[in-house]
2 protein chains.
Amino acid sequence: MTTHEILLAAQSARQPLALASTDQKNEALEAMAVALVAASEEILTANRQDLDAARGKVSDVMLDRLALTHNRLADMAKGMRDVAALPDPVGQILHRIVRPNGLVIEKTSVPMGVISIIYESRPNVTSDAAALAIKAGSACVLRCGRDAWRSCNAIVQALRKGLVQAGLPETAVSLIEDTSHASANELMTADGLVDLLIPRGGKGLISACVANATVPCIQTGTGICHVYVDKAADLEMAVRIIENAKTSRPSVCNAEEVCLVHRDVAKTFLPMLKKALVEDRIAAELPPVELRLDEAAAAIIPGTAAGPEDFDTEFLNYILAVGVVDSLDAAIQHIGRHSTHHSDAIVTADETAAARFVSCVDSAAVYVNASTRFTDGGEFGLGCEMGISTQKLHARGPMGLAELCTYKYIIHGNGQIRGGAAAKLQTPCG
Amino acid sequence: MTTHEILLAAQSARQPLALASTDQKNEALEAMAVALVAASEEILTANRQDLDAARGKVSDVMLDRLALTHNRLADMAKGMRDVAALPDPVGQILHRIVRPNGLVIEKTSVPMGVISIIYESRPNVTSDAAALAIKAGSACVLRCGRDAWRSCNAIVQALRKGLVQAGLPETAVSLIEDTSHASANELMTADGLVDLLIPRGGKGLISACVANATVPCIQTGTGICHVYVDKAADLEMAVRIIENAKTSRPSVCNAEEVCLVHRDVAKTFLPMLKKALVEDRIAAELPPVELRLDEAAAAIIPGTAAGPEDFDTEFLNYILAVGVVDSLDAAIQHIGRHSTHHSDAIVTADETAAARFVSCVDSAAVYVNASTRFTDGGEFGLGCEMGISTQKLHARGPMGLAELCTYKYIIHGNGQIRGGAAAKLQTPCG
């Protein structure tokens, strides 16, 4: 089927999903999880074909992301059951107003309709995204990377069997057949057919969406996360936080990339930082962190001289840019210019400084005395997540089930009409 | 100043506004209201120049929208004070989570930063939009139509005096000097300088934003609103609702444009509708409604034959497209295809039919037994509004102060780091 045909077919799932009860959706998720495991052999065969085709062409990290095993399939099935266990985000009355004229106005959470997700080579995204979309009452149209297509297709075929067994249309979950740029562009401009597009991928994909998308889109962006060590910081705490933020998992978006240190404590702090991130790690046979130092930091400890681009790079590796700032406000300004507005932290014992940092740093998550690594739906206690939004409209930070819904105003009356002076007031419609 | 220079200058207002207390913002709104009235002569002089230049070139309706008087200025000042009286939308803790590790996570409403509004020839939008933006803690960059520029500029100069008197930067409110398409396009693509763009205008402007905007944008769309008269409707109520929805103010976006009638009641209902909308109005010397009838309706009452475009037109006039449908689901389908997702209503005494209509009609406001004319921030009891959103992300329906804010997660810890098994969980960053 063409991309357009798949999008048209997905429309037919809107109404059954909008009318589905919580139990029906949860039964469908259970049936999908069962069908996924039942199709293990087909899925693993398809995955071996993907791996054979990819070997030699992509890095070992990519091959590992692509590889499925019985254990990973079991984890995927468990993930779907975890979503089933979450409260239904649809039908929540977010705000209820009873007007003097008797109108009852209920701002009610409702499904988006059709959610499309563009992703790359992790086959497990297929079942995660499908489960979240179904629970949120929306059909999902998935578009994976070429390397993973056979695997994702086998997974979608299994999920569809589960859907049909549960009495929901199989068009509630679809996979785009075309893996060229053309299909991604078609999804970005499928006005009226895609209610929400979530690109999950590298900078190139996100930029293409910003530039070309005419459908509603949520950017799950890159993370250039900062930790600022204030002059009133507990320096031991600052070292522990930075070590965690930088090294516990350097390849993810909530890892720290930049450390800023207040001038007053730089001479004491930077040698402590170097000891923890370089010397102690070498002694423990762990990968040391390469410190890229601005001029003021380089005058205190040895390390690589930072180029200006080092303060605008998502390294996703054991590399940390380190700069010295003259004041709290200088740190805030630096972060304003260089942050991707994902997660930024201050370490300080000064509550006034913390409050100013929190008000002035314009990021999805702003931390006081904690590691940036906590920005995550699970760590926030929000349940599963579809990604982490770095934009300001609709969803910011971890996107859970609530953020995959929209709302409508449902108004019940008994014949009310707008009258008298009220009828003459201008409604500013445009 | 160029558009770019104005946008850069607006950035300097972000931090003072983000740090401003509720009292400071309310004092600024009061000072702005006082300054507006104090500058009446300058504003009315500028307005006369605008009117002189526009006369003969634009319609009388447009001239009326453009014209200012002492009374209208007093209304504008009152509007600003009304905004001051509303609760502060900034700093609300929307959700508070205390994690087992002691992290306190507060999802907190915060200002957008810089809000830009593109509008046309109503000078009162200048003070309305400025007041809402300031109360929401954001700077606003206004871009009015050419016909109104002198008036809007005089208003902005007055508002800036008030801002400065209250100790806030005058760059918190700016007016773009260039009124050509170039400046609108520049605002649509001012990535990093505009946090939210609200186009308020006709179809052309909205389409240009959808196609070209790379900054976050909320469409305040057109309204092709439907009233469906179910077979279980109280027909007298249906007539009253339609008369109100169509004729109480035909030029606004929440006015009805299409009436759908269930076949079973069409023969009884359509003559009642014609009597109320045509004959009774002529007798009362009110403008009659032109009924544009599909084939089935035309077989029952006389009227103009509807062309297919009549079911996709925002008439904004005393014209109503009338169609007969075979079932509730046919009405839902028709609305799905033709509605602009603004406001749609069912008239029925059947609760099951009402529930199905409400679930399946995908519009910002869905009414049961009431007029579509109520879709309005004031009528919903939400206070003032910046417009009515017809999109699904972020804001849907009337956009009040809450919808002009975003949120961030503010996390307070005492040195927490992410550890153990948690550190190994994949955060799906893209």
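No experiment lies behind these values; they were computed from the predicted model shown.

What counts, and where the lines are drawn
- Residues numbered from 1 in each chain as written.
- Chains lettered and ligands numbered in written order.
- Predicted model: local features only at pLDDT ≥ 70, side-chain atom pairs only at ≥ 80, totals over all residues.
- Heavy atoms only, no water.
- Helix = DSSP H or I, 4+ residues; strand = E, 2+ residues; numbered from the N terminus.
- Areas by Shrake-Rupley, 256 points an atom, 1.4 Å probe, with all protein chains shown as cover.
- Lys, Arg positive; Asp, Glu negative; His and termini not counted.
- Charge placed at Lys NZ, Arg CZ, Asp CG, Glu CD.
- Contact = heavy atoms within 4.5 Å.
- Buried area = accessible area lost by both parts, 1.4 Å probe.
- Salt bridge = Lys/Arg side-chain N within 4 Å of Asp/Glu carboxyl O.
- Polar contact = N/O pair within 3.5 Å; in protein donor to acceptor, adjacent residues only side chain to side chain.
- Nonpolar A, V, L, I, M, F, W, Y, C, P; charged D, E, K, R; others polar.
- Pairing = 2+ DSSP bridges.
- Expected span 1.5 Å × (residues − 1).
- Buried < 20%, exposed > 50% of the residue type's maximum accessible area, 1.4 Å probe, protein only.
- Axes fitted to C-alpha atoms, helices over the stretch in contact; angles between N-to-C directions.
- Parallel < 35°, antiparallel > 145°, perpendicular 65-115°, else oblique.
- Left-handed = near helix turned anticlockwise from the far one by under 90°.

A. Structural view of the overall build of chain A. If you tally the helices and strands in chain A, you get 16 helices and 16 strands. Overall size of chain A, expressed as C-alpha extent along the three principal axes, is 70 × 70 × 35 Å. If you sum the accessible surface of chain A, you get close to 15,800 Å²; carbon and sulfur atoms cover 53% of it. Positive and negative charge centroids in chain A, built from 39 and 50 side chains respectively, lie 5 Å apart.

B. Region of the structure containing the interface of chain B and chain A. On the side of chain A, 94 residues touch chain B, which itself brings 95 residues to the contact. The junction of chain B with chain A conceals about 7,800 Å² of combined surface from both sides, 53% of it contributed by carbon and sulfur atoms. Summed over the three residues of chain B that lose the most area to chain A, namely Leu393(B), Tyr409(B) and Arg418(B), the buried surface amounts to 9% of that side. Salt-bridge contacts for Asp362(A) lead to Arg14(B); the nearest nitrogen and oxygen are separated by 3.1 Å. Counting across the chain B and chain A interface gives 37 residue pairs in polar contact (both at pLDDT 80 or more). Tallying contributions element by element places strand 16 (residues 405-416) of chain B first for the side of chain B that touches chain A, with eleven residues. Classifying every residue of the side of chain B that touches chain A by side-chain character gives 45 nonpolar, 29 polar and 21 charged. Relative to strand 13 (residues 365-370) of chain B, strand 16 (residues 405-416) of chain A runs parallel, the two sharing five bridges. Along strand 13 of chain B, the bridge assignment pairs His412(A) with Val368(B).

C. View of helix 7 (residues 124-135) of chain A. All names here are of chain A. Between its first and last C-alpha, helix 7 extends 17 Å over twelve residues, near the 16 Å set by a 1.5 Å rise per residue. Most of helix 7 is tucked away, with ten of its twelve residues classed as buried. Among the residues of helix 7, Val125, Thr126, Ser127, Ala129, Ala130, Ala131, Leu132, Ala133, Ile134 and Lys135 are the ones counted as buried. At the C-terminal side of helix 7, Gly137 shows a positive phi close to 80 degrees.

D. Representation of unusual backbone geometry in the model. Even without a glycine there, the phi angle at Glu285(A) is positive, about 60 degrees. Judged by its relative accessible area of 74%, Glu285(A) is exposed. One non-glycine residue, Asn369(B), lies in positive phi territory at about 60 degrees.

E. Layout of the sheet that holds strand 13 (residues 365-370) of chain A. One open sheet accounts for ten strands, arranged 10(A)-9(A)-11(A)-8(A)-7(A)-12(A)-13(A)-16(B)-2(B)-1(B); its pairing is mixed. Pairing within the sheet leaves two strands with one partner each, and these edge strands are strand 10 (304-305) of chain A together with strand 1 (93-98) of chain B. Pairing geometry for strand 9 (residues 290-293) of chain A and strand 11 (residues 319-325) of chain A, over four bridges, is parallel. Bridged to Arg292(A) within strand 11 of chain A is Ala321(A). Helix 11 (residues 235-247) of chain A rests against strand 7 (225-229), strand 8 (256-262), strand 11, strand 12 (343-347) and strand 13 of chain A together with strand 16 of chain B of the sheet, and its axis sits at about 170 degrees to strand 7 of chain A.

F. Geometry of the packing of helix 11 (residues 235-247) of chain B against helix 12 (residues 263-283) of chain B. Residues and elements named next belong to chain B. Contact pair helix 11 / helix 12: the axes reach a minimum separation of 10 Å and the direction vectors enclose 45 degrees. By the angle class used here, helix 11 and helix 12 are oblique. You can see that helix 11 and helix 12 cross each other, and the crossing is right-handed. Across the interface between the two elements, Leu235, Glu236, Ala238, Val239, Ile242, Glu243 and Thr247 from helix 11 touch Val265, Thr268, Phe269, Met272, Leu273, Ala276, Leu277 and Arg281 from helix 12. Tallied by class, residues from the contact of helix 11 with helix 12 come to ten nonpolar, two polar and three charged.

So, to be careful, I would describe these as geometric facts and stop short of saying anything about function.
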